[in-house]
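# Results of the structural survey
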Amino acid sequence: MTLRPVDETTVVLGIETSCDETAASLVMGGEDVLSSVVSSQVDLHAQYGGVVPEIASRAHLELINPVIARAIVEAGVDERRVDAVAATIGPGLIGALLVGVSAAKALALAWDVPFVGVNHLEAHLYAAFLEDPALELPLVVLLVSGGHTMLIEMRGHGDFSLLGRTIDDAAGEAFDKVARFLGLGYPGGPAIDRISDEGDPTAIAFPRAMLNEGLDFSFSGLKTSVLNHVRANPDVATADVAASFQMAVVDVLVAKARRAAKEVGAKGLVLGGGVAANSLLRERFLDACTADGIRGFLPSRAMCTDNAAMIAATAWHRLAADGPTPLDVAANPNLKLQFAPR
Ligand code: KG4
Ligand code: ZN
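The shown structure was predicted, so the numbers you read here are calculated from the model rather than taken from an experiment.

Taken together, 18 residues surround ligand 1, and among them Gly146, Asp176, Gly189, Asp193 and Gly274 come closest. Between an oxygen atom of ligand 1 and a side-chain N or O atom of His120, the distance comes to 3.3 Å. One nitrogen or oxygen atom from the side chain of Asp306 is found 3.2 Å from an oxygen atom belonging to ligand 1. For ligand 1, whose free accessible area comes to 550 Å², the fraction covered by protein is 86%. Its atoms largely coinciding with the cavity grid, ligand 1 occupies the largest pocket. Going through the elements one at a time, helix 4 (120–131), helix 5 (171–181) and helix 6 (188–196) are the ones with two or more residues in the shell around ligand 1. Partitioned by chemical class, the residues of the shell around ligand 1 number four nonpolar, 11 polar and three charged. The residues that make up the shell around ligand 1 include at least three from each of domain 1 (11–125 + 304–322) and domain 2 (133–301).

Listed below in structure tokens is the structure:
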């Protein structure tokens, strides 16, 4: 296998298939996005009210080759310029992960270049560096997605500590479950975000669980409160429920992110994961950073939700630090992020 030194000219093809987006991207030097193609399966799953793993795997199989081909064409480089091929190896849906991992390993073998297996959560942390490579460490990242809600201290590349996490539902999961209950469809986060514009966020005083206790989160009680409130008040305006729910989630996320940044003396606060696309969270997050005099960084919405540029960028750092991933590494639906003790 050809193993060139990893530098600013190294081109990585990243592939992401952990859930319901089929994505491929070429990134040079870990930060220069040459192309980023994301094909969403949202329409396929919407009629079922959530992601159906079997349908996701089949759709990835159909989409993977055209999406990779488009990423190469849009980058305007010859495929022989690709120095390494990376894919998300977990966490995610096993059938979905296997499609991207198999494609990446096959291309790496065919092109005689290294394969790099990437942790999806680490990639969400790196998304911010793609848009601002000069971000100063240590940083606190609030990672809020459909499967995870975590506060992570990042001290260096690959050097993370877990400061707090959800003890039950992830924030995105709460958005999706409440939206489904309110009949707002799937995916729930963007639907609640939109309808909340027309509602009064102070209409219903939903609980802010564990607001003043530590850095862990809990959202399942809030979800139950929403259900109970709507059952007891069937005529309540859906927009008011959505806006009040969204405000309760955002209040807790922002309060804990601020506390975490203060506790570790962070130079900046970064948002990551799909819920980071939420309009109210983005606004309140930046206001809090300004009030506390620390740097706040919001990746663009496209970079917050699942994409392959973040996979390719993370792979560049992994390749430079650890070298290629052995080809016998398996996709792991429960892959954890390695945290150093604080
Ligand atoms: O990171 P992501 O794309 O996939 C996972 O790795 O989970 O996150 C998807 C989650 C879903 O729960 C979706 O409802 C939520 O992000 N989301 C939002 C918004 N856009 C996406 N939640 C709140 N407001 C949004 N605008
Ligand atoms: Zn994700």
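On the basis of which strands lie adjacent, the open sheet formed by five strands has the order 3-2-1-4-5 and mixed pairing. Two strands close off the open sheet at either side, each with one partner strand: strand 3 (32–40) and strand 5 (115–119). Pairs of neighbouring strands in the sheet enclose a mean axial angle of 20°, with direction left out of account. Note: strand 1 (residues 11–16) against strand 2 (residues 21–28), six bridges, orientation antiparallel. Of the residues in strand 2, the one forming a bridge with Val12 is Val27. Relative to the sheet, helix 2 (residues 53–75) contacts strand 1, strand 2 and strand 3, its axis offset from that of strand 2 by approximately 25°. Contacting strand 1, strand 4 (84–90) and strand 5, helix 3 (residues 94–111) runs over the sheet at an angle of about 160° to strand 4.

The protein atoms donating to the zinc ion (ligand 2) are His120 (NE2), His124 (NE2) and Asp306 (OD), with metal-donor distances spanning 2.0 to 2.2 Å. Each donor residue of the zinc ion (ligand 2) belongs to the same chain, with the gaps between them written as H-x3-H-x181-D. Here His124 is found in helix 4, whereas its partner Asp306 is found in the loop between helix 10 (301–304) and helix 11 (309–322), with 182 residues between them in sequence.

In this section: helix 3. When the terminal C-alpha atoms of helix 3 are compared, their 26 Å separation across 18 residues agrees well with the 26 Å that a helix rising 1.5 Å per residue should span. Buried residues belonging to helix 3 abut strand 1, helix 2, strand 4 and strand 5. At the exit of helix 3 stands Asp112, carrying a positive phi of roughly 60°.

Strand order in this open sheet of five strands is 8-7-6-9-10, and the pairing throughout is mixed. Of all the strands in the sheet, just strand 8 (159–165) and strand 10 (295–297) have a single pairing partner and so form its edges. The mean angle between the axes of side-by-side strands here comes to 20°, regardless of whether they run parallel or antiparallel. Contacts between helix 9 (residues 279–292) and the sheet are confined to strand 6 (139–144), strand 9 (268–272) and strand 10, with strand 9 contributing the most and set at about 170° to the helix.

Further remarks concern the domain arrangement of the chain. According to the domain assignment, the chain consists of domain 1 (11–125 + 304–322) and domain 2 (133–301). Inter-centroid distance (C-alpha atoms) of domain 1 to domain 2 is 27 Å. In this complex, domain 1 contributes 17 residues to the contact, which on the side of domain 2 involves 20 residues. For the pair domain 1 and domain 2, the summed buried area comes to about 1,500 Å², and 70% of that belongs to carbon and sulfur atoms. When the buried area of domain 1 at its contact with domain 2 is split by residue, Leu121, Leu125 and Cys304 rank highest and sum to 45% of it. Applying the counting rule to domain 1 against domain 2 returns zero salt bridges.

This part takes up unusual backbone geometry. For the peptide bond that leads from Leu137 to Pro138, omega is 0°, which places it in the cis range. Inspection of the secondary structure puts Pro138 in the loop between helix 4 and strand 6. The omega torsion of the bond from Tyr186 to Pro187 falls at -5°, within 30 degrees of zero and hence cis. For Pro187, the position within the fold is in the loop between helix 5 and helix 6. Although it is not a glycine, Asp112 sits at a positive phi angle of roughly 60°. When you line up the elements, Asp112 lands in the loop between helix 3 and strand 5. On the accessibility criterion, Asp112 (38% relative accessible area) is partly exposed.

Analysis parameters
Residues numbered from 1 in each chain as written. Chains lettered and ligands numbered in written order. Predicted model: local features only at pLDDT ≥ 70, side-chain atom pairs only at ≥ 80, totals over all residues. Heavy atoms only, no water. Near = heavy atom within 4 Å. Polar contact = N/O pair within 3.5 Å; in protein donor to acceptor, adjacent residues only side chain to side chain. Areas by Shrake-Rupley, 256 points an atom, 1.4 Å probe, with all protein chains shown as cover. 1 Å grid on protein atoms, 1.4 Å probe; cavity = no way out; pocket = protein on both sides within 12 Å on 5 of 7 lines; lining within 4 Å. Sits in = over half its atoms within 2 Å of the grid points. Helix = DSSP H or I, 4+ residues; strand = E, 2+ residues; numbered from the N terminus. Nonpolar A, V, L, I, M, F, W, Y, C, P; charged D, E, K, R; others polar. Domains from an automatic or database assignment. Pairing = 2+ DSSP bridges. Axes fitted to C-alpha atoms, helices over the stretch in contact; angles between N-to-C directions. Contact = heavy atoms within 4.5 Å. Donors = N, O, S within 2.8 Å, 3.2 Å for Na, K, Ca; no water. Expected span 1.5 Å × (residues − 1). Buried area = accessible area lost by both parts, 1.4 Å probe. Salt bridge = Lys/Arg side-chain N within 4 Å of Asp/Glu carboxyl O. Buried < 20%, exposed > 50% of the residue type's maximum accessible area, 1.4 Å probe, protein only.

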